[in-house]
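# Structural description and commentary
Now for the letters of each chain:
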Amino acid sequence: MRTSDRSSNPARTPRAGSPTAPLTTSDGCAAAITTRTWEGGRAMIIDTETKRKLREMNASDLLDAFERLDERTTAPMSHTEVVRLAVDNAHSGHMDAKIQRLVKRAGLRYPPQADLRTIDLGEERRLDRSVIAGLDAGNYLEQRLNVVFQGATGSGKSHLLCALVKSACRARYRAVYVRMPDLAEQVTVASNKPGGVPKLVRKYATYNLLAIDEWLVDKPDELFKRFLLELMELRYDTVSTAFATQLATKEWHRQLGGDTIADTILDRIVHNAIWINTGEYNMRQRHGQAMLDN
């Protein structure tokens, strides 16, 4: 296609609204983004200097969004609509990448499979669909409530816990998953460093959602109990903590030593918690049998 004299002659200024007219910002400044007429429509053209500035500002996502725009799709659009489309695409990509980073940092045990939106709600599990949907909506995070998954081994507690963390990440909350034995080991290692344990307490106190798997699978020693006391004190009525455990609530006090420290820890967990009984049905056995059958 032959380019017109108006678009090829730098001495002439294109009329406003023409395909080659520069975009004008709200303060009247012309942006270095124009459109060029192609046979199939219009494509966004960004000059080299503007590209450099966008990259310098870490706005490569926006630059990529402009360059990925389809000529035929944008042909009937105004400059404002084209810019809005590019920004929307860049923002969507940015949010998706942020969520993926949050999920990765959460250290999930079951990252690909765990998702509250696809949890098996078979009748034999006796899980309340509305409760699971409520957890996925994230209201408990806004209300700073705790969540407890309690049930027999193999009943899907860890899977639900990981799904809960992933749901929080999708809502762009900072969340982390940790097994209680691993957390106890971290406390032991931290105790050998000056100020190590208080630093570890502060680290885990900052997450919007802390998910502790295998809660009280072992009796904590005195050092770990005091760590839990300080941690739960900082998190109480500020952020949410979730637990997965085989133990009924009445057994928690004994497992924590049955003393005043146990009283204090439980007082900061049980009174503002959503309790979900995962039952006796063994999901691990069911999935294992399904794999054998296939």
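Here we summarise the structure given alongside this text. Model, not experiment: these values are computed from the prediction. (Residues numbered from 1 in each chain as written. Predicted model: local features only at pLDDT ≥ 70, side-chain atom pairs only at ≥ 80, totals over all residues. Heavy atoms only, no water.)

## Looking at the overall build of the chain
So the rule is basically this: Helix numbering and strand numbering both begin at the N terminus, where a helix is a DSSP run of H or I of at least 4 residues and a strand a DSSP run of E of at least 2. Summary of the burial criterion: residues with accessible area below 20% of their type's maximum are buried, those above 50% are exposed, and those between are partly exposed, where the area comes from a 1.4 Å probe applied to protein chains only. We call two residues in contact when some of their heavy atoms are within 4.5 Å. Each accessible area is a Shrake-Rupley estimate made with a 1.4 Å probe; only the visible protein chains count as cover when residues are assessed.
When helices and strands are counted, the chain shows 14 helices and seven strands. Buried residues in the chain amount to 39% of all 294 residues. For the chain, the share of sequence-separated contacts (at least 6 apart) that also reach a separation of at least 24 residues comes to 72%. Here the chain displays about 17,000 Å² of accessible surface, and carbon together with sulfur accounts for 49% of that area.

## Quick notes on the pairing of strand 4 (residues 175-179)
Put simply, side chains in a regular strand alternate between the two faces of the sheet. Test applied: In this scheme, strands are said to pair when DSSP sees at least two bridges between them.
Most of strand 4 is tucked away: four of the five residues are buried. Of the pairings in the sheet, the one linking strand 4 to strand 5 (residues 209-213) comprises five bridges and is parallel in character. When the sheet's bridge partners are listed, Val178 is paired in strand 5 with Ile212.

## Section: a positive patch on the surface
Going by this rule: Exposure above 30% relative accessible area and no salt bridge define the residues that can form patches, which grow by joining like charges within 9 Å and nonpolar side chains of Val, Leu, Ile, Met, Phe, Trp and Tyr within 5 Å. Throughout this description, the term salt bridge denotes a Lys or Arg side-chain nitrogen within 4 Å of a carboxyl oxygen of Asp or Glu. The charge count includes Lys and Arg as positive and Asp and Glu as negative, but it does not include His or the ends of the chains. Working definition for charges: the position is that of NZ of Lys, CZ of Arg, CG of Asp or CD of Glu.
Residues Lys98, Arg101, Arg105, Arg172 and Arg174 make up a contiguous surface patch of positive charge. Mapped onto the secondary structure, Lys98 falls in helix 5 (residues 79-106).

## Let's talk about the nonpolar core
Cut-off, in case you're wondering: For the purposes of this section, nonpolar cores are sets of buried Ala, Val, Leu, Ile, Met, Phe, Trp, Tyr and Cys residues that join through side-chain atoms within 4.5 Å.
Among the nonpolar cores identified, the biggest contains 33 residues, and Tyr204, Ile212, Trp215, Phe227, Leu228, Trp252 and Ile265 are the most heavily contacted of them. Of all the secondary-structure elements, those providing two or more residues to this core are strand 4, helix 9 (180-190), helix 10 (196-205), strand 5, helix 11 (222-235) and helix 13 (260-267). Per element, the largest residue contribution to this core is six residues, and it comes from helix 11. Residues within four places of Leu228 in sequence aside, it is in contact with Met180, Trp215, Leu256 and Ile265. Among the nonpolar cores identified, the runner-up in size contains 30 residues, and Ile99, Leu108, Leu135 and Leu161 belong to it.

## Considering the side chain of Ser240
Note the cut-off: Under this definition, polar contacts are N or O atom pairs within 3.5 Å; protein pairs additionally need one hydrogen-donor-capable and one acceptor-capable atom, and for neighbouring residues in sequence, both atoms have to be side-chain atoms.
As for its position among the elements, Ser240 is in strand 6 (residues 240-245). According to the relative accessible area criterion, Ser240 is buried, its value standing at 0%. There is a polar contact of 2.7 Å between the side chain of Ser240 and the backbone oxygen of Leu145.

## Concerning the environment of Arg101
Following the sequence through the fold, Arg101 ends up in helix 5. Taking the C-alpha atoms as reference points, Arg101 and Cys169, separated by 68 residues in sequence, lie 8.9 Å from one another.

## Focus: the pattern of salt bridges
Pairing between side chains of opposite charge can happen when their charged atoms approach one another. Throughout the structure, instances matching the rule amount to 14 salt bridges. Close ionic contact of Glu222 with Lys225 constitutes a salt bridge, the shortest N to O distance being 3.9 Å. In this pair, Glu222 and Lys225 are both assigned in helix 11, three residues apart and thus about one turn of the helix distant. Salt bridges here are not isolated pairs; linked through shared partners, they connect Asp115, Arg117, Asp136 and Arg170.

## With respect to unusual backbone geometry
Located in the positive-phi region is Asn58, a residue other than glycine, with phi close to 55°. Looking at the secondary structure, you find Asn58 in the loop between helix 2 (48-56) and helix 3 (60-68). According to the relative accessible area criterion, Asn58 is exposed, its value standing at 72%. Phi at Asp237 is positive, roughly 60°, even though this residue is not glycine. With respect to the element layout, Asp237 can be found in the loop between helix 11 and strand 6.

## What to know about the packing of helix 11 against helix 13
How we decide: As a rule, the C-alpha atoms of each element are fitted with a line to give its axis, helices using only the stretch in contact, and angles between N-to-C directions run from 0 to 180 degrees. Handedness of a helix crossing follows the sense of rotation of the near helix relative to the far helix, less than a right angle counterclockwise being left-handed and clockwise being right-handed. For this scheme, ten residues count as nonpolar: Ala, Val, Leu, Ile, Met, Phe, Trp, Tyr, Cys and Pro. Four count as charged, namely Asp, Glu, Lys and Arg, and the remainder, Gly too, count as polar.
Taken N-terminus to C-terminus, the directions of helix 11 and helix 13 make an angle of 35°; their axes are 9 Å apart at the nearest point. Crossing hand, helix 11 versus helix 13: left-handed. Taking contact as the criterion, the partners of Glu222, Lys225, Arg226, Leu228, Leu229 and Met232 in helix 11 are, on helix 13, Ile261, Thr264 and Ile265. Residue classes in the contact of helix 11 with helix 13 are distributed as five nonpolar, one polar and three charged.

## What about the packing of helix 6 (residues 129-137) against helix 8 (residues 157-170)?
Worth spelling out the cut-off: Comment on the angle field: the value is read as roughly parallel under 35 degrees, roughly antiparallel over 145, roughly perpendicular from 65 to 115, and oblique elsewhere.
Contact geometry for helix 6 and helix 8: axes closest at 8 Å, N-to-C directions at 40°. Classified by the interaxial angle, the pair formed by helix 6 and helix 8 is oblique. Here Ile132, Leu135 and Asp136 of helix 6 come into contact with helix 8, specifically with Leu160, Leu164, Ser167 and Arg170. For the contact of helix 6 with helix 8, the class distribution of residues is four nonpolar, one polar and two charged.

Everything listed here is a matter of geometry and, on its own, says nothing about what the molecule does.
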